[in-house]
Amino acid sequence: MTMRDRPEVVLTRHFFTSLFDFGILSDEGAESLKRVLLGALALAIAGGLLLARVFMAKYGLLAGAPPEAYLREVVADHAFLMALPMWIVAGAMSLVGHSLFPDETDFRILMAEPLSRSMVFASKLAALLLFGGLFVVGTHLGLLPLAALTLIGAAKTGSVVLAGVAFAASSLAASLFAALGIVAIHGLLVLLASRSRLLAFSGAVRSVVTGGLLLALPLVTRLPATAGAFETHAWWLAWAPPAWFVGLERWLLGDATRGMLAAQAVTATIGAAAIALFAYVRLYRRFDRVTFQSAGPVRSPRREAPLTPWSRGASVRGAVVRFVSLTIQRSVLHQGVVVGLLAGAGGLVLNSLLSADWRFAGPADDALVWTLLWVPMTVVFLSVPAIRLALSVPMDLRANWIFRMAEDVDGRAEVADASVRAVLALAVALPIALIAPLQWWVMGDGCLAVLLVEAAIGWLLVEFLMADWNRVPFTCSYIPGKGFVPQMCVKAFASYVVFTFATGLMLRASLRHQAVALVLASIFGVTAAAMRLRRARHARQTSLMFEDHVPSDVTPLRLNAD
Amino acid sequence: MLQARGLTKRYGGLLALDRVSFDLHPGEIVGYLGPNGSGKSTTVNLVVGLLEPTAGDLSLLGLRAADDPIGYKRQIGYVPEEPSLYAHLTAGEYLMLVGRLRRLPARTLQTRVPELLRLLQLQDSRYKSMTAFSKGMRQRVLVAAALLHNPRLLVLDEPFSGLDVNAGALLRTLLQMLAGEGRMILFSTHRFDMVEKLCSRVIVLSSGRIALERQVADFEQAGPDSLEETFFRATHQPDFAPLAREILDTISGQ
């Protein structure tokens, strides 16, 4: 038997590949996802190089500065360089949170084979180590040029090699902590949650961790600007994990003042490792208790669900609205997608809110007002396509036959209407309602006019992006990245800049003159209503789509057609 | 009456169904038999409107599927082979979804759904999501969903799969009563005993073509195992003893 054919190797390979399988994409969709990921990787490499270029200018200036200035800056930059891999590793581990431990399917299938329990656990652990290791190594390799750049100046204060070793050890420990932290959270969950609540807790934890990570991203990007905080030993450093590991790096290089942060880093890593190990050992002994399900994780309704809500509204529209609502409430995957995407938008907003000067002089404070006019439009701009995407992720394709059999002409328009309502509620009404109290606090009663225009713009944007929508949410196969990814990114960025700038100006005018608000709201409202009518007409004439397809690369010109 | 005329279905170069024609009259239960890959599921998918034929024609109660696919499908209740349903819903929620998609009045559903759940012995599990349901329980939900709108034609693909003895007997009696009231029932299965107990006529499919069409009563007169033997002959099945011997030899390494 060759090494490749040994059961533990086969099993590890199986667990490793299944970590990349979310079970929702067709073969064509999975292929397309690979292309998208490759495109994203290319963008990340380009971003990394751009980052190196930015830092090159900074360290070029620091080359002529005294050693204290270099030390002051490098601490904050290293916090950023450690936080970025931590964020990526934690995100990757969080995405596969449902597969971190052998689950019920493994128990039922593998235990029926002549495989020992220890082999199953060891293989799962090996697959996880490979998976985590892939991201740890990948991110560190990607950031290597930048790290090398920041370390050149270390010659002024000591050995470059020692500084490099200290940085590498601390950064790898930081990524290890991030991975172990996620494993520990899920391990505790499996051990402590009751069988009936396990899936619900698991889904909630995954959503919260993903949302938290996305919200934290702007904070990560702000780390290079925190040199002052490190210099003054700011209180919040004790609550920022990347700062702990920078403390560890400095402590390894002989800076005793960072001993407390270093101790926190070591304690946290050992603690996370101990909990993760304890969870694994405990589960090893009580494998039959594990009830994670690999396929289609869903929550059970928390209480008696009445059937009355199904009777509301037009027949098909009411049914689809209720179906969407229950799917988002109970499907761990879809909830994660919605929370994750909304948290991404929230993260961007949080960043701008943190940048704003909150010591404003009153309602007329221009910078703060501008920020608060920009914020809801940014969230709406990002949330509408995000929720549209979430509705496109399929639930169980084999079950969609009931929608195919019950399709009718009026029903098509009602399906589109239900989908638009879901996007309006989650991507327009919810963000505007969440930000409205803040706007009212800063702008006073004038914000009512702004809210009116915001709602009209949001509605118009939804109608524009849902104009050709002809699928029941969660029932159509999905192929990600059907377009040319770089082109889409450029278009999206350009649209974002134009949209937020233009709507910001309109909202500012609306705040100053209520008549302008009324005119703008009327124009946008009437246009959106007209688009709604057009959408309904289009939907009636177009069959519902249940299979996504890549658009043909070749468009025939038909020059010889009659 | 359901009329299938010259039904043909090609998947690329593969001819799955080749000019299949049959009728199904009100009050009739027709057993649709065939080995795996014979085109049975393709026929069922064509009849319920989930697939469009490459050639041929389907009409139900005078309504051509090609002319009015929506009106055609409205008359049909379907129980698929796999218990594929949205398991994150409860049984009641799934039936409400199906009922509303089929445009049944809300008031009718408010009474009909709980009643069907009770009659199909699902009331104890009505507040649980169907992820926890056994195959038989899911099958019962699908049967309820197929009957919810009181269809004229019922198409059942292995409906007894996973059902326990009691639920199986209930479904058998129900189908006989539905046929007695004039419904048409197309019953696709691998089980000869069910065909003999339930159906009035049998159609046997082999390699995408009808190999045999006969009244079940003819087999009853010919004695036990007659349907099974006729099926093997009609579908050109090989002698199984040498095949079984080969499998034994393969696993014992001879």
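Engineer: I tried to follow the sheet that holds strand β8 (residues 184-188) of chain B on my own but got confused; where do I start?
Structural biologist: Backbone hydrogen bonds are what pair the strands of a sheet, in a parallel or an antiparallel way. Residues and elements named next belong to chain B. An order of β6-β7-β8-β3-β9-β10 is seen for the six strands of this open sheet, with the pairing classed as mixed. The sheet is open, and its two edges are formed by β6 (76-79) and β10 (209-215), each paired on a single side. Geometrically, the sheet is characterised by an average inter-axis angle of 15 degrees between neighbouring strands, direction not taken into account. Where strand β3 (residues 29-33) lies against strand β9 (residues 201-206), four bridges are found, and the strand directions are parallel. Residue pairing for β9: Leu33 is matched across the bridge by Val204. Contacting β6 and β7 (153-157), helix α5 (residues 135-147) crosses the sheet at an angle of about 175 degrees to β6.

Engineer: When you look at the packing of helix α6 (residues 144-152) of chain A against helix α7 (residues 160-192) of chain A in this model, what are you seeing that I'm missing?
Structural biologist: To describe two helices that pack against each other, one gives the angle between their axes and the distance between the axes. Residues and elements named next belong to chain A. Relative orientation of the contacting elements α6 and α7 amounts to 135 degrees, with a least axis distance of 10 Å. As summarised for this structure, α6 and α7 are arranged oblique, according to the angle between their axes. In the crossing of α6 with α7, the sense of the turn from one axis to the other is right-handed. Two secondary-structure elements touch here, α6 through Ala147, Leu151 and Ile152 and α7 through Val160, Ala163, Gly164 and Phe167.

Engineer: Can you walk me through the sheet that holds strand β5 (residues 63-64) of chain B in this structure?
Structural biologist: All names here are of chain B. Pairing is antiparallel in the open sheet, where four strands are placed in the order β2-β1-β4-β5. This sheet does not close on itself; its edge strands, each paired only once, are β2 (14-24) and β5. Where strand β1 (residues 2-11) meets β2, seven bridges bridge the pair, whose relative direction is antiparallel. Along β2, the bridge assignment pairs Arg10 with Leu15.

Engineer: How should the packing of aromatic side chains be read in this particular structure?
Structural biologist: A ring pair, where both rings are aromatic, is described by two values, the distance of the centres and the angle of the planes. Applying the stated criterion across every chain yields a total of 19 aromatic pairs over all chains. Between Phe177 of chain A and Phe245 of chain A, the ring centres sit 5.7 Å apart and the planes meet at 40 degrees, which makes this aromatic pair tilted. Remark: Phe245 of chain A occurs in helix α10 (residues 241-252) and Phe177 of chain A occurs in helix α7; sequence separation between them is 68 residues. With a centroid separation of 5.8 Å and an interplanar angle of 45 degrees, the aromatic rings of Phe22 of chain B and Tyr32 of chain B are classed as tilted. Within this pair, whereas Phe22 of chain B is found in strand β2, its partner Tyr32 of chain B is found in strand β3, the two being separated by ten residues in sequence.

Engineer: Would you mind showing me how to read the environment of Phe121 of chain A here?
Structural biologist: For Phe121 of chain A, the location among the structural elements is in helix α5 (residues 117-142). Spatially, the C-alpha atom of Phe121 of chain A lies 45 Å from that of Val380 of chain A, the residues being 259 residues apart in sequence.

Engineer: Any chance you could explain helix α6 (residues 165-180) of chain B here in plain terms?
Structural biologist: Along an α-helix, residues three or four apart share an orientation, since each turn contains 3.6 residues. Residue and element names in this part refer to chain B. Taking 1.5 Å per residue, 16 residues should reach 22 Å; α6 reaches 23 Å between its end C-alpha atoms and fits that length. What α6 keeps buried is the set Ala167, Gly168, Leu171, Leu175, Leu178 and Ala179. When α6 is viewed along its axis, its buried side chains cluster within an angular range of 105 degrees and face the same direction. In α6, those exposed residues whose orientation departs by more than 90 degrees from the buried face are Val165, Asn166, Met177 and Gly180. For α6, the elements touching its buried residues are β3, α5, β7, β8 and α7 (192-198). Between the side-chain oxygen at the start of α6 and the backbone nitrogen of Asn166 there is a gap of 3.2 Å, and the oxygen is on Asp164. At the C-terminal side of α6, Gly182 shows a positive phi close to 100 degrees.

Engineer: Would you explain unusual backbone geometry in this entry?
Structural biologist: Across the chain, the bulk of peptide bonds are trans and the bulk of non-glycine residues have phi less than zero. Residue and element names in this part refer to chain B. Backbone geometry at Gln121 places phi at a positive 55 degrees, although glycine is not the residue there. Looking at where Gln121 falls in the secondary structure, it is placed in the loop between α4 (106-119) and α5. At Glu158, a position not held by glycine, the phi torsion is positive, near 50 degrees. Along the chain, Glu158 falls in the loop between β7 and α6.

Engineer: Where do I start with the interface of chain A and chain B in this structure?
Structural biologist: Often the size quoted for an interface is simply the accessible area lost on bringing the parts together. With 40 residues of chain A at the interface, the matching set in chain B holds 32 residues. Taken together, both faces of the contact between chain A and chain B bury some 3,300 Å²; the carbon and sulfur share is 63%. Sorting the residues of chain A by area buried against chain B places Trp310, Trp401 and Met405 of chain A first, and these three jointly supply 23% of that buried surface. The tally of links between chain A and chain B comes to four salt bridges. Put simply, Arg103 of chain B and Glu414 of chain A hold a salt bridge, and the shortest N to O gap is 2.9 Å. Here chain A is connected to chain B by ten residue pairs in polar contact (both at pLDDT 80 or more). Of all the secondary structure elements, the ones that give two or more residues to the side of chain A that touches chain B are α12 (315-330), α15 (401-405) and α16 (409-443) of chain A. For the side of chain A that touches chain B, the element with the highest residue contribution is α12 of chain A, accounting for eight residues. A class-by-class count of the residues in the side of chain A that touches chain B yields 19 nonpolar, nine polar and twelve charged.

About the thresholds
- Residues numbered from 1 in each chain as written.
- Chains lettered and ligands numbered in written order.
- Predicted model: local features only at pLDDT ≥ 70, side-chain atom pairs only at ≥ 80, totals over all residues.
- Heavy atoms only, no water.
- Pairing = 2+ DSSP bridges.
- Helix = DSSP H or I, 4+ residues; strand = E, 2+ residues; numbered from the N terminus.
- Axes fitted to C-alpha atoms, helices over the stretch in contact; angles between N-to-C directions.
- Contact = heavy atoms within 4.5 Å.
- Parallel < 35°, antiparallel > 145°, perpendicular 65-115°, else oblique.
- Left-handed = near helix turned anticlockwise from the far one by under 90°.
- Phe/Tyr/Trp six-rings, centres within 6.5 Å; stacked < 30°, edge-to-face > 60°.
- Expected span 1.5 Å × (residues − 1).
- Buried < 20%, exposed > 50% of the residue type's maximum accessible area, 1.4 Å probe, protein only.
- Arc of directions from axis to C-beta.
- Polar contact = N/O pair within 3.5 Å; in protein donor to acceptor, adjacent residues only side chain to side chain.
- Buried area = accessible area lost by both parts, 1.4 Å probe.
- Salt bridge = Lys/Arg side-chain N within 4 Å of Asp/Glu carboxyl O.
- Nonpolar A, V, L, I, M, F, W, Y, C, P; charged D, E, K, R; others polar.

So, to be careful, I would describe these as geometric facts and stop short of saying anything about function.
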